[in-house]
Amino acid sequence: MTEKKVVYSLCCMCTGRCPIMVEVEGGVIKHIWGNPHVFGAKSLCPRGAAGVAFEYDNERPQYPMIRDGERGSGKWRRVSWDEALDFIADKLKTIIENYGAKAIALSDRGGPHTELQKLFLRSIGSPNYFTHHATCSNSVHNAHMSVAGHARNTVGYDYKNCKYMVVFGRNLLESLITGEARNVIEMINSGGKMVYIDVRWNYTASKAYKFFIINPGTDYALALALINVILNQHLYDADFVNKYVVGLDYLRSFIQPYTPEWAEKETGIPAEEIRKIAYEAADAKPSVIFHPGWMTAWNSQDFHFRRAIYILNALMGSYEAKGGIVISKGAGDAGVKIKQPTSIAPKVTEERCDGAGIKYPWIRAQWGMLQVLPEVIETGEPYPVKAYIAMRHDPLASMPDPEVWIKAFDKLDLVVAIDVNWSWTAWYADVILPEATYLERTDNILVRKGLKPQLALRQKVIEPRFDAKSRFQIFKALAERLGKGEYFPWKDEIEMVNWQLEGTGFTFEDFSKKGIIDLTKDPIWYDRNNLKFNTPSGKIEAYSEFLEKAGVPSLAPYERPESPPEGMLRLVSGKVALHTQGRTTSNNPYLNEIYPENHLYIHPEASKKFGVKDGDLVEVSSNGVSEKIRVRVSPYVHPEVAFMLHGFGDPVPVRTRSFGRGASDVRLMKEKLKVTVGGNCPLFETFVKINKI
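Residues numbered from 1 in each chain as written. Predicted model: local features only at pLDDT ≥ 70, side-chain atom pairs only at ≥ 80, totals over all residues. Heavy atoms only, no water.

- An unreviewed UniProt entry lists the protein chain under the name Thiosulfate reductase, with Caldimicrobium thiodismutans given as the organism.
- According to the UniProt record, the Cofactor (unreviewed entry) comment for the protein chain reads "Mo-bis(molybdopterin guanine dinucleotide)".
- The Sequence similarities (unreviewed entry) comment attached to the protein chain in UniProt states, word for word, "Belongs to the prokaryotic molybdopterin-containing oxidoreductase family." (UniProt positions renumbered as here; feature names shortened; annotations may be inferred.)

In structure tokens:
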């Protein structure tokens, strides 16, 4: 009789890490559902459901390979794991001997499953760990740290009980996380109102109580005008503000010029509507969320825009309020201590090469500024970096100026790609190590923080289909070859997980029952009369003495964004439910069949101006780079905007379904490897020309 089983695990088709339930029959995965013990139903987004197609797709690295031609030539030779690991270890030893361990850099996508690669870097003594946040959420992370001493993701949102939510361009229902999307819909069905602001219509806009198409790059003006109304009309939560907010007099003085009438001219949103938003939010306070966003690498003023959003939440008294912003509770809040693998190795004291935390003291080192790395490699300043490990990360496909990256790679002694997918970066690597997929490996324990914290575990569902190894096996083997094996003392992942659980009363087997371990029956709320914020003052800082001393104003004067030059449009990119991270899903057999390529959305006025119509193939160009893409004409996109989905224009030929389909947004974002005040690249300050082919 064929064996059937159910395995609970965590998805990895995007960064949401949704809990899943996997049905297996005869050693073959039959279906992937959402975990009903978490969601109350088997709901899962289309990417998660397409995990079966991902697992059984043969178009992925299947065995270790060492380059056997010029970088980028696509010439490889198959090698054993021992040969590949020995090759890497020998190169790293030489680099460490000549330049020190700080000459080794590693990047990944960030998140809670980065413990093992961080442990590896710590064990050898390199400070140069990077995430992808330079092109994602650096500005919102660093803004919130400066306002409230919290990262973006150390707070959550009590959507279900929210009465009024204002969302600036966060496409919650398409760039989605299953549980979050369900909660937002539940909020709307319960009578909560969502105001959505974006440069284009999308599915989230369709569910909004009010939707405004805003002039591109002017969101900061809207936030300042809202603060203006709320302060001048005394609409704020006086008790909360008097107790917890520092700098109210500064704020009141700063926002006086930014009236709704002024903002109407900047944003295109009527002054009366701006006042209505402020009054409606005030009526619903403190069950109000001004959503700070997710991907916030928009423009040069993003840091101050996000600071203004968090200040709006403080004025509403939303922090730790039912229906507002909730400070995430971890295992410690439930009286449970989970050991983290990185705690084994000593902290690295060497200075980072990107200046985060030193040259830029307000930018936190934990996310880094990956956009700086090519310049560091090119110049050798502040010190040489000679090796780069891309861990489930594809900077060539996700960062601006891939040509700059490729040129920098040519100066490295070693480039390693560890991935479950063929990536553009892997195409330029010296060594490719095939990682076991999320359905073939077990990772470290994840603490699902929130009002009711849980432990969750990504568990191996099936054995690896090809000659792949887990990240635990890869980094343990490399550490041992470099004489640092004592920092990976566990024989396998299960032993590591049980080590993390020591003293808790739980074991690895406890995850088999429903995939998660509840740490509390009841929600954990902090006392709103005794809140602590991890800022120098211990309060929410509308005025930040720390920033001011570092030469950064607490709020910068609004600067009108540059208009597109004559004959050009502003390039904006985004995501859709089928392809949240394009390069990890664009070649998926199911998802590619449904949505094989992106399109360029332009307004009818732009269509007339450029002499193109719906379906035309056009050349989009910027600063000497061009891409080909088909046009879609829509009245629901701002007339100055050219919008496309991120993650297409795949140049890797072994990904046969997505190869050459659509256009790459980041290739057009030339000269955007910049360090703005928030540490983000200003991606949406790109202007493009359109020519019909």
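1. Examining the overall build of the protein chain
1) Next: The helix and strand tally for the protein chain stands at 25 helices and 27 strands.
2) Next: Taking 2.2 N^0.38 as the reference for a compact globule, 693 residues should give roughly 26 Å; the C-alpha atoms of the protein chain span a radius of gyration of 25 Å, in line with that estimate.
3) Next: The C-alpha extent of the protein chain, read off along each of the three principal axes, is 70 × 65 × 60 Å.
4) Next: Every one of the 693 residues in the protein chain was classed for burial, and the buried ones make up 62%.
5) Next: Partitioning the contacts of the protein chain with sequence separation of at least 6, the portion at a separation of at least 24 is 73%.
6) Next: When the accessible surface of the protein chain is split by element, carbon and sulfur atoms take 47% of a total near 25400 Å².
7) Next: Between the centroid of the 86 positive side chains of the protein chain and the centroid of its 81 negative side chains there is a distance of 2 Å. (Helix = DSSP H or I, 4+ residues; strand = E, 2+ residues; numbered from the N terminus. Rg over C-alpha atoms; globule rule 2.2 N^0.38 Å. Buried < 20%, exposed > 50% of the residue type's maximum accessible area, 1.4 Å probe, protein only. Contact = heavy atoms within 4.5 Å. Areas by Shrake-Rupley, 256 points an atom, 1.4 Å probe, with all protein chains shown as cover. Lys, Arg positive; Asp, Glu negative; His and termini not counted. Charge placed at Lys NZ, Arg CZ, Asp CG, Glu CD.)

2. Description of the UniProt feature "domain: 4Fe-4S Mo/W bis-MGD-type" (unreviewed entry) in the protein chain
1) Next: Taken from the UniProt record, the annotation "domain: 4Fe-4S Mo/W bis-MGD-type" (unreviewed entry) applies to residues 4-59.
2) Next: The span residues 4-59 carries 23% helix and 38% strand; its end-to-end C-alpha distance comes to 27 Å.

3. Describing the packing of helix H4 (residues 81-99) against helix H19 (residues 471-481)
1) Next: Orientation of H4 relative to H19, taken along the N-to-C sense of each, is 50°, at an axis distance of 9 Å. Here H4 lies oblique to H19, going by the angle between them. The two elements H4 and H19 meet at a crossing, and its hand is right-handed. For the pair formed by H4 and H19, the contact residues are Trp 81, Asp 82, Leu 85, Asp 86, Ile 88, Ala 89 and Lys 93 on the first element and Ile 474, Ala 477, Leu 478 and Arg 481 on the second. (Axes fitted to C-alpha atoms, helices over the stretch in contact; angles between N-to-C directions. Parallel < 35°, antiparallel > 145°, perpendicular 65-115°, else oblique. Left-handed = near helix turned anticlockwise from the far one by under 90°.)

4. With respect to the pairing of strand E6 (residues 104-107)
1) Next: Judged by which residues are buried, E6 turns out to be covered on both faces: Ile 104 and Leu 106 on one side and Ala 105 and Ser 107 on the other are all buried.
2) Next: Where E6 meets strand E15 (residues 387-391), four bridges bridge the pair, whose relative direction is parallel. Directly across from Ile 104, in E15, lies its bridge partner Ala 387.
3) Next: Of the pairings in the sheet, the one linking E6 to strand E7 (residues 129-130) comprises two bridges and is parallel in character. Across the sheet, Ser 107 pairs through a bridge with Phe 130, a residue of E7.
4) Next: The handedness of the E6 to E7 crossover, carried by helix H5 (residues 115-124), is right-handed. (Pairing = 2+ DSSP bridges. Right-handed = clockwise from strand over helix to strand, strands pointing away.)

5. Topic: the sheet that holds strand E2 (residues 19-25)
1) Next: The three strands are arranged E1-E2-E3 in an open sheet whose pairing can be described as antiparallel. The outermost strands of the open sheet, each flanked by one partner alone, are strand E1 (4-10) and strand E3 (28-34). Each adjacent strand pair in this sheet contributes to an overall mean axis angle of 25°, direction not counted.
2) Next: Across six bridges, E2 lies against E3 in antiparallel orientation. Across the sheet, residue Val 24 finds its bridge partner in E3, namely Ile 29.

6. A few points about the pattern of salt bridges
1) Next: The full count for this structure, using the stated rule, is 37 salt bridges.
2) Next: With its nearest N and O atoms 3.0 Å apart, the salt bridge here joins Glu 440 to Arg 60. Here Arg 60 lies in the loop between helix H3 (51-55) and strand E4 (65-67) and Glu 440 lies in the loop between strand E17 (431-434) and strand E18 (446-448), a separation of 380 residues in the sequence.
3) Next: Judged by its relative accessible area of 2%, Glu 440 is buried. (Salt bridge = Lys/Arg side-chain N within 4 Å of Asp/Glu carboxyl O.)

7. Re unusual backbone geometry
1) Next: Residue Pro 286 follows Lys 285 across a cis peptide bond; omega there is 5°.
2) Next: Counting through the fold element by element, Pro 286 comes out in the loop between helix H13 (271-284) and strand E13 (288-291).
3) Next: Located in the positive-phi region is Arg 17, a residue other than glycine, with phi close to 55°.
4) Next: Mapped onto the fold, Arg 17 is located in the loop between E1 and E2.
5) Next: Unlike most non-glycine residues, Glu 320 shows phi in positive territory, near 55°.
6) Next: When you line up the elements, Glu 320 lands in the loop between helix H14 (302-315) and strand E14 (325-327).
7) Next: The buried category is assigned to Glu 320, whose relative accessible area is 2%.

8. Quick word on the packing of aromatic side chains
1) Next: One pass over the full model with this rule turns up 28 aromatic pairs.
2) Next: Ring plane angle 70° and centroid distance 5.6 Å describe the contact between Trp 422 and Trp 427, whose orientation is recorded as edge-to-face.
3) Next: Each member of the aromatic cluster is reached from another via a ring pair, and the members are Tyr 220, Tyr 250, Phe 254, Tyr 258, Trp 262, Tyr 543 and Tyr 558.
4) Next: The ring centre of Trp 33 lies 4.9 Å from the NZ or CZ of Lys 42, which sits over that ring.
5) Next: Sitting over the face of the ring of Phe 130, Arg 352 holds its NZ or CZ atom 4.9 Å from the ring centroid. (Phe/Tyr/Trp six-rings, centres within 6.5 Å; stacked < 30°, edge-to-face > 60°. Lys NZ or Arg CZ within 6 Å of the ring centre and 35° of its normal.)

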